[in-house]
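In case you want the letters, here they are:
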Amino acid sequence: MSATNHELQETYGEELELFSIWMKNQGMTSSTEKAYLADVRQYLSMLYPADLENTGKLDIMRYLSRSREGGAGDEARNRKLSSLRAFYRSLNEMDRLSSNPAALTPKSRQQKNRIPVYLEEGQLQQLFQHVEGKHRERNLSILLLMAYAGLRVGEIHRLNIHDLKLDGILSVLGKGRKWRYLPLPDSLAGLLRRMMEENLLEMRQGKEQPMFISQLGRRLSIRMIQTIADATLRRLQGELPELSMKKLSSHKLRHSFATMQIRSGTDIRTLQELLGHASIETTQIYTHIDNYQMKAAMEQMSGKLPSLG
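Calculation criteria
- Residues numbered from 1 in each chain as written.
- Predicted model: local features only at pLDDT ≥ 70, side-chain atom pairs only at ≥ 80, totals over all residues.
- Heavy atoms only, no water.
- Phe/Tyr/Trp six-rings, centres within 6.5 Å; stacked < 30°, edge-to-face > 60°.
- Helix = DSSP H or I, 4+ residues; strand = E, 2+ residues; numbered from the N terminus.
- Buried < 20%, exposed > 50% of the residue type's maximum accessible area, 1.4 Å probe, protein only.
- Lys NZ or Arg CZ within 6 Å of the ring centre and 35° of its normal.
- Expected span 1.5 Å × (residues − 1).
- Contact = heavy atoms within 4.5 Å.
- Axes fitted to C-alpha atoms, helices over the stretch in contact; angles between N-to-C directions.
- Parallel < 35°, antiparallel > 145°, perpendicular 65-115°, else oblique.
- Left-handed = near helix turned anticlockwise from the far one by under 90°.
- Nonpolar A, V, L, I, M, F, W, Y, C, P; charged D, E, K, R; others polar.

K.L.:
What should I look at first to understand the packing of aromatic side chains in this one?
P.N.:
Each aromatic ring pair is summarised here by two numbers: the centre-to-centre distance and the angle between the ring planes. In the structure shown here, the tally under the stated rule is six aromatic pairs. Relative to Tyr63, the ring of Tyr43 has its centre 5.4 Å away and its plane inclined at 70°; by these criteria the two rings are edge-to-face. One end of the pair, Tyr43, is in helix α2 (residues 30-47); the other, Tyr63, is in helix α3 (residues 57-69), and 20 residues separate them in sequence. Among the residues examined, Tyr63 registers a relative accessible area of 2% and is labelled buried. Members of the aromatic cluster, joined through ring pairs, are Phe19, Trp22, Tyr43, Tyr63, Phe87 and Tyr88. When the ring centre of Tyr118 is taken as reference, the NZ or CZ atom of Lys246 above it lies at 5.9 Å.

K.L.:
Would you mind going over α2 with me for this structure?
P.N.:
When the terminal C-alpha atoms of α2 are compared, their 25 Å separation across 18 residues agrees well with the 26 Å that a helix rising 1.5 Å per residue should span. Taken together, the buried positions of α2 are occupied by Glu33, Tyr36, Asp39, Val40, Tyr43, Leu44, Ser45, Met46 and Leu47. On the buried face of α2, the contacting elements are α1 (5-25), α3 and α4 (74-93).

K.L.:
Explain the packing of α2 against α3 here, please?
P.N.:
The angle between the axes and the distance between the axes are what describe a pair of packed helices. Direction vectors running N to C along α2 and α3 enclose 110°, while the axes themselves pass 10 Å from each other. As summarised for this structure, α2 and α3 are arranged roughly perpendicular, according to the angle between their axes. As α2 packs across α3, the resulting crossing turns out to be right-handed. Mapping the contact onto sequence places Asp39, Gln42, Tyr43, Met46 and Leu47 in α2 and Asp59, Ile60, Arg62, Tyr63, Arg66 and Ser67 in α3. Residues that form the contact of α2 with α3 fall into these classes: five nonpolar, two polar and four charged.

Here it is as structure tokens:
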């Protein structure tokens with residue numbers, strides 16, 4: 001029988017608090033924190049009233065199996081496993097537990113072969129024509145950073161004015177509070193400078209001087225950045241029937257950036273650095289996006305074939 005919220009708090013309240021603090025220190029977004037905590041609470045409800053010291057790989061597998069029986073697919077299962085790995089890791093690092101049974105549990109392999117959704121270059125050009133409204137230059141800058149620099153929503157949210165250097169290098173604080181440094185194209189760096197000059201510096205609230213602000217001068221929220229991208233993508237879908245059935249979102253623009261890099265011949269290690277991936281396995285999915293390059297390679301063989309008439 002599942003435990004009540006009160007029972008969970010009574011039994012595992014301190015561990016949940018430690019996990020919440022640890023996630024904030026890791027720089028996770030509020031949406032990730034919320035999702036991870038929900039998964040962990042669900043897991044603890046299954047464990048209740050067992051002591052976490054006595055849990056093992058079997059408990060992890062039992063939870064994932066129940067999740068699958070409840071309709072969770074491979075992607076959801078892997079997300080839940082990531083939540084548990086992070087939870088146990090937080091307790092390890094804070095000297096609460098000595099082992100991490102979730103680290104020994106393999107992820108579903110199927111997700112690695114899942115082809116990401118992305119926009120073609122021509123579709124991206126049309127997308128930018130649909131950027132509208134009073135804050136057009138700000139919103140255009142946000143979308144361009146996603147599609148032509150590969151930034152995540154949370155990374156855009158965290159940008160400050162001083163992160164753009166005079167030489168066009170953009171300092172980006174990514175997942176796990178790791179920095180990467182992107183040499184932006186001159187035109188994009190110029191657009192960002194114009195956008196920041198037009199939004200007067202004195203409007204920006206707080207010592208950090210956020211790069212993207214609301215009309216009240218506050219740092220633009222993650223939710224608002226997603227809304228800007230989603231609204232623009234919906235307008236594009238209304239114009240292009242071939243996109244009407246695709247599930248588009250702000251993160252698909254990052255996929256589009258990776259696709260263009262692979263097609264331009266960027267090597268996988270460089271792309272890993274540009275995207276800020278901790279593991280090259282995460283980056284390798286973009287080498288299997290479609291048969292664009294394989295088709296071009298095979299077409300070179302057409303002139304070498306013997307006469308088949």
